[in-house]
Amino acid sequence: MRRGIEAAAAVCLAAFGFINIAFGQLGGGSSAPAAQPAISIPISGRSNQNGSVTTSQAPMTGTTTTVNTITPTVQVQGPYSGSTPGVAAKPFSGRLGLREAVDRGLAFNLGEIEMAQAVRQTEGQARSARSNLLPNVNGSLGETVQQSDLKAFGLRLNSPIPGFNIPAVVGPFNYFDLRARLTQTVVDITAKSNYRAAEEIHRAGLLSAADARQLIVLGVGGAYLQVIAAKARIDSVRVQLETARALYQQTQEKRNAGVSAQLDVDRSEVETLTQQQRLLSLQNDLAKQKINLARMTGLPPTDQYDVTDDIPYASAPALTVDDALKESFENRSDLKAAGAQVRAGERALSAARAEQLPSLSLSGDYGVIGLNPAQSHGTFTAAASLRFPIWQGGRAGGDIEQARAALAQRQAELQDLQNQIEADLRKTYLDLETATSQVEVARRNQQVAAEALDLTRQRFEAGVTDNVEVIQSQENVAGAQLDYINSVFAHNLAKLTLARSIGRAAEALPDFLKLP
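The following paragraphs examine the structure supplied in this document. (Residues numbered from 1 in each chain as written. Predicted model: local features only at pLDDT ≥ 70, side-chain atom pairs only at ≥ 80, totals over all residues. Heavy atoms only, no water.)

**A word on the overall build of the chain**
1) Next: When helices and strands are tallied, the chain shows 10 helices and eight strands.
2) Next: Relative to a compact globule of 516 residues, whose C-alpha radius of gyration would be 24 Å, the chain shows 40 Å and is clearly more extended.
3) Next: Dimensions along the principal axes, computed over C-alpha positions, put the chain at roughly 150 × 45 × 40 Å.
4) Next: Counting only residues that meet the buried cut, the chain has 42% of its 516 residues in that class.
5) Next: Here the analysis covers contacts within the chain between residues at least 6 apart in sequence; of these, 82% occur between residues at least 24 apart.
6) Next: When the accessible surface of the chain is summed, it comes to about 26600 Å², and 54% of that surface belongs to carbon and sulfur atoms.
7) Next: Each charge class in the chain was averaged separately, 49 positive and 51 negative side chains, and the resulting centres sit 9 Å apart. (Helix = DSSP H or I, 4+ residues; strand = E, 2+ residues; numbered from the N terminus. Rg over C-alpha atoms; globule rule 2.2 N^0.38 Å. Buried < 20%, exposed > 50% of the residue type's maximum accessible area, 1.4 Å probe, protein only. Contact = heavy atoms within 4.5 Å. Areas by Shrake-Rupley, 256 points an atom, 1.4 Å probe, with all protein chains shown as cover. Lys, Arg positive; Asp, Glu negative; His and termini not counted. Charge placed at Lys NZ, Arg CZ, Asp CG, Glu CD.)

Put into structure tokens, the structure is as follows:
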């Protein structure tokens, strides 16, 4: 009888042990990789949507200038108008040249930093997409202590020996499992297309970052030119103020001598006060322009520094519109980025269509399992899995429609960008031609206005006329000087914009602006 009891118990425990060990190994065993959904990309592929740098020229009307001249402007918005502090990393002497300003902008401008982080993000997304194509190996170590109810597993064992009952609850007992698991995708068109789409998005990010550097050069260079123009206006008004003071003193002396009326003295004083007001206004504008430039280049947000470069008028490079268009289409990083975004859309569409195709993967594991490390044995599993979709509730069709919409939008954006580049380039050439003509007119106007002022002052000193004509001549001289300053600023800004338009703002800056 004892042998019968031992045999029954052995059968029971063997069955229980088989079940538990099988469950332990199957529960933690290898499994095929899950199906990869198609990558979802934004509807628009355009970057820099939160910031921009633009230049423009508009007619100046309703001013005291002698001619209807042009007003150049530089508009910097979003992250391009800010920066991170850069003095600690790159000491500042208190004197800022254009080359140094551009270098500091490229190093510390927030637009550059923001695009660099965006590139890091797209690189991480590409790596994540690539991981679905590479082997994935994981390890585990488990120690299990278990007590189980055999009836819960459906075992209803009756003892063949009268008076002996097989226990329904066995244990507790323990076992450990040390195992490594491998999964490998062999054929998965969706995962492969997802990786290619992520690569194109990363490439577009790199190109957008390069284009952001072009915008930084345009923004910093334009801001520097604004500061130069503001300084020139202040110098001009200071000269006019000294001239007005001299006329006021001369008129007052004539009034004391009884050869001039009090009205002439009042007119001279009003002109002096007007020039003082203009000087204060222009000094305020200069301080603000310098603060804006400091903000873009990583300097402390103050106007307590000097700009050292003076960019005089110089002829533009001999470059035809057709040659400039050719260079633009070859060099512009934003155009190349738009092309990469289109290719990303095509890859995403391929990934969505591939959701309806079969995929093949391999999986396996190897480890040791037993009551303890000294009493363990190696076990393994190797499996191949062919997955073929039958019905997914229309998910693949929905992904295809989304991918088609994104691709169509990005193709339209690419075509629009090509037209925009050509339109902007042609506008730049119009601005350049207008500014060149304005410089010539303003230069001649300066000469004529200065000559007229000399003749008028001689007439006033001779007592032939009152100081009304002198004051008007002074206003004409001041207007002519401001016209010339604006025209030179507009011409330099147009050349800088042309360098950006052909995609070589940083490289062509010294040649276009004739920097020393």
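**Remarks on the sheet that holds strand S8 (residues 375-387)**
1) Next: Strands sit in the order S4-S5-S7-S8 across an open sheet of four strands; the sheet is antiparallel. Looking at which strands have only one partner, the edges of the open sheet turn out to be strand S4 (136-149) and S8. Along the sheet, successive strands turn relative to each other by an average axial angle of 20°, direction set aside.
2) Next: Examined bridge by bridge, strand S7 (residues 359-372) and S8 share 13 bridges and lie antiparallel to one another. Looking at the pairing, tyrosine 366 lines up with phenylalanine 380 of S8. (Pairing = 2+ DSSP bridges. Axes fitted to C-alpha atoms, helices over the stretch in contact; angles between N-to-C directions.)

**Focus on the packing of aromatic side chains**
1) Next: As enumerated under the stated definition, the model contains one aromatic pair in all.
2) Next: The interplanar angle of 75° and the centroid separation of 6.1 Å between the aromatic rings of phenylalanine 92 and tyrosine 305 together place this pair among those described as edge-to-face. Within this pair, whereas phenylalanine 92 is found in the loop between strand S2 (70-77) and strand S3 (95-96), its partner tyrosine 305 is found in the loop between helix H5 (262-296) and strand S6 (306-307), the two being separated by 213 residues in sequence.
3) Next: The class for tyrosine 305 is buried, based on a relative accessible area of 4%.
4) Next: Its end group placed over the ring of tyrosine 305, lysine 290 keeps NZ or CZ at 5.0 Å from the ring centre. (Phe/Tyr/Trp six-rings, centres within 6.5 Å; stacked < 30°, edge-to-face > 60°. Lys NZ or Arg CZ within 6 Å of the ring centre and 35° of its normal.)

**Digging into helix H8 (residues 395-461)**
1) Next: Compared with the 99 Å implied by 1.5 Å per residue over 67 residues, the 93 Å span of H8 between its first and last C-alpha is a close match.
2) Next: With its phi angle positive at about 80°, glycine 463 sits one or two positions after the end of H8. (Expected span 1.5 Å × (residues − 1).)

**Topic: the nonpolar core**
1) Next: Tyr224 and Leu293 are the most contacted members of the largest nonpolar core, which totals 46 residues.
2) Next: Going through the elements one at a time, helix H2 (98-108), helix H3 (110-131), helix H4 (189-257), H5, helix H9 (467-501) and helix H10 (505-513) are the ones with two or more residues in this core.
3) Next: The biggest single contributor to this core is H4, with 17 residues.
4) Next: The next biggest cluster of nonpolar side chains, apart from the first, holds 13 residues, and it includes Ala352, Leu407, Leu414 and Ile421. (Core = buried A, V, L, I, M, F, W, Y, C linked by side-chain atoms within 4.5 Å.)

**Describing unusual backbone geometry**
1) Next: The phi angle at lysine 514 is positive, at roughly 55°, despite the residue not being glycine.
2) Next: The topology assignment puts lysine 514 in the segment after H10.

**Some details on the pattern of salt bridges**
1) Next: Summed over all chains, the structure comprises 17 salt bridges.
2) Next: The partner of arginine 179 in a salt bridge is aspartate 365, with the nearest N and O atoms 3.0 Å apart. One end of the pair, arginine 179, is in strand S5 (residues 169-187); the other, aspartate 365, is in strand S7, and 186 residues separate them in sequence.
3) Next: Assessed through its relative accessible area of 6%, aspartate 365 is described here as buried.
4) Next: Across the pair arginine 404 and glutamate 401 runs a salt bridge, and its minimum N-O distance is 3.2 Å. With arginine 404 and glutamate 401 both in helix H8 and three residues apart, the pair spans about one turn of that helix.
5) Next: For arginine 404, a relative accessible area of 40% translates into the label partly exposed.
6) Next: Here glutamate 401 falls in the partly exposed class, since its relative accessible area comes to 46%.
7) Next: Among the charged side chains, a salt-bridge network with shared partners connects Asp177, Arg179 and Asp365. (Salt bridge = Lys/Arg side-chain N within 4 Å of Asp/Glu carboxyl O.)

**What to know about the packing of H3 against H4**
1) Next: For the pair H3 and H4, interaxial distance at closest approach is 8 Å and the crossing angle is 170°. Comparing the axis directions of H3 and H4 gives the class roughly antiparallel. (Parallel < 35°, antiparallel > 145°, perpendicular 65-115°, else oblique.)

**Points about the layout of surface pockets**
1) Next: Roughly 880 Å³ of internal volume is contained in the largest pocket.
2) Next: As for the largest pocket, its lining consists of 36 residues, and the residues nearest its centre are Arg332, Asp334, Gln420, Asp424 and Arg500.
3) Next: Residue assignment for the lining of the largest pocket shows that the elements contributing at least two residues are strand S1 (52-59), H4, helix H7 (333-354), H8 and H9.
4) Next: Among the elements that take part in the lining of the largest pocket, H8 stands out by supplying 10 residues, more than any other. (1 Å grid on protein atoms, 1.4 Å probe; cavity = no way out; pocket = protein on both sides within 12 Å on 5 of 7 lines; lining within 4 Å. Points joined across faces, edges and corners; volume = space filled by probe spheres on them.)

**Structural notes on the environment of leucine 362**
1) Next: You can see leucine 362 is positioned in strand S7.
2) Next: Each C-alpha atom, one on leucine 362 and one on threonine 185, is 6.4 Å from the other, the two residues being 177 residues apart in sequence.
3) Next: Setting aside chain neighbours within four positions, we find leucine 362 in contact with Leu182, Thr183, Gln184, Val186, Ala383 and Ala384.

**Description of a nonpolar patch on the surface**
1) Next: A grouping of Val186, Val187, Ile189, Leu357, Leu360, Leu362, Leu386, Phe388, Ile390 and Trp391 is seen on the molecular surface, where their side chains present a nonpolar patch of about 1000 Å² in accessible area.
2) Next: Looking at the nonpolar patch, the elements with two or more residues in it are S5 and S7.
3) Next: Structurally, tryptophan 391 is set in the loop between S8 and H8.
4) Next: Note on tryptophan 391: relative accessible area 72%, which makes it exposed. (Patch = residues over 30% accessible without salt bridge, like charges linked within 9 Å, V, L, I, M, F, W, Y side chains within 5 Å.)

**With respect to the side chain of asparagine 194**
1) Next: By secondary structure assignment, the location of asparagine 194 is in helix H4.
2) Next: Beyond its immediate sequence surroundings of up to four residues, asparagine 194 is in contact with Pro37, Ala38, Ile39, Ala129 and Ala351.

**What about empty space enclosed by the protein?**
1) Next: A complete count under the given rule lists one cavity of 30 Å³ or more for this structure.
2) Next: Of the pockets and cavities examined, the largest cavity occupies roughly 90 Å³.
3) Next: Along its surface, the largest cavity is lined by Ala35, Gln36, Asp188, Ile189, Thr190, Ala354, Glu355, Leu357, Pro358, Ser359, Arg387 and Arg395.
4) Next: In terms of residue class, the lining of the largest cavity is made up of five nonpolar, three polar and four charged. (Nonpolar A, V, L, I, M, F, W, Y, C, P; charged D, E, K, R; others polar.)

**Some remarks on the environment of arginine 238**
1) Next: The residue arginine 238 is located in helix H4 in this model.
2) Next: Taking relative accessible area as the criterion, arginine 238 reaches 42% and is therefore assigned partly exposed.
3) Next: Along the sequence, arginine 238 and leucine 496 sit 258 residues apart, while their C-alpha atoms lie 29 Å from each other.
4) Next: The contact partners of arginine 238, leaving out residues within four places of it in the chain, are Leu279 and Gln283.

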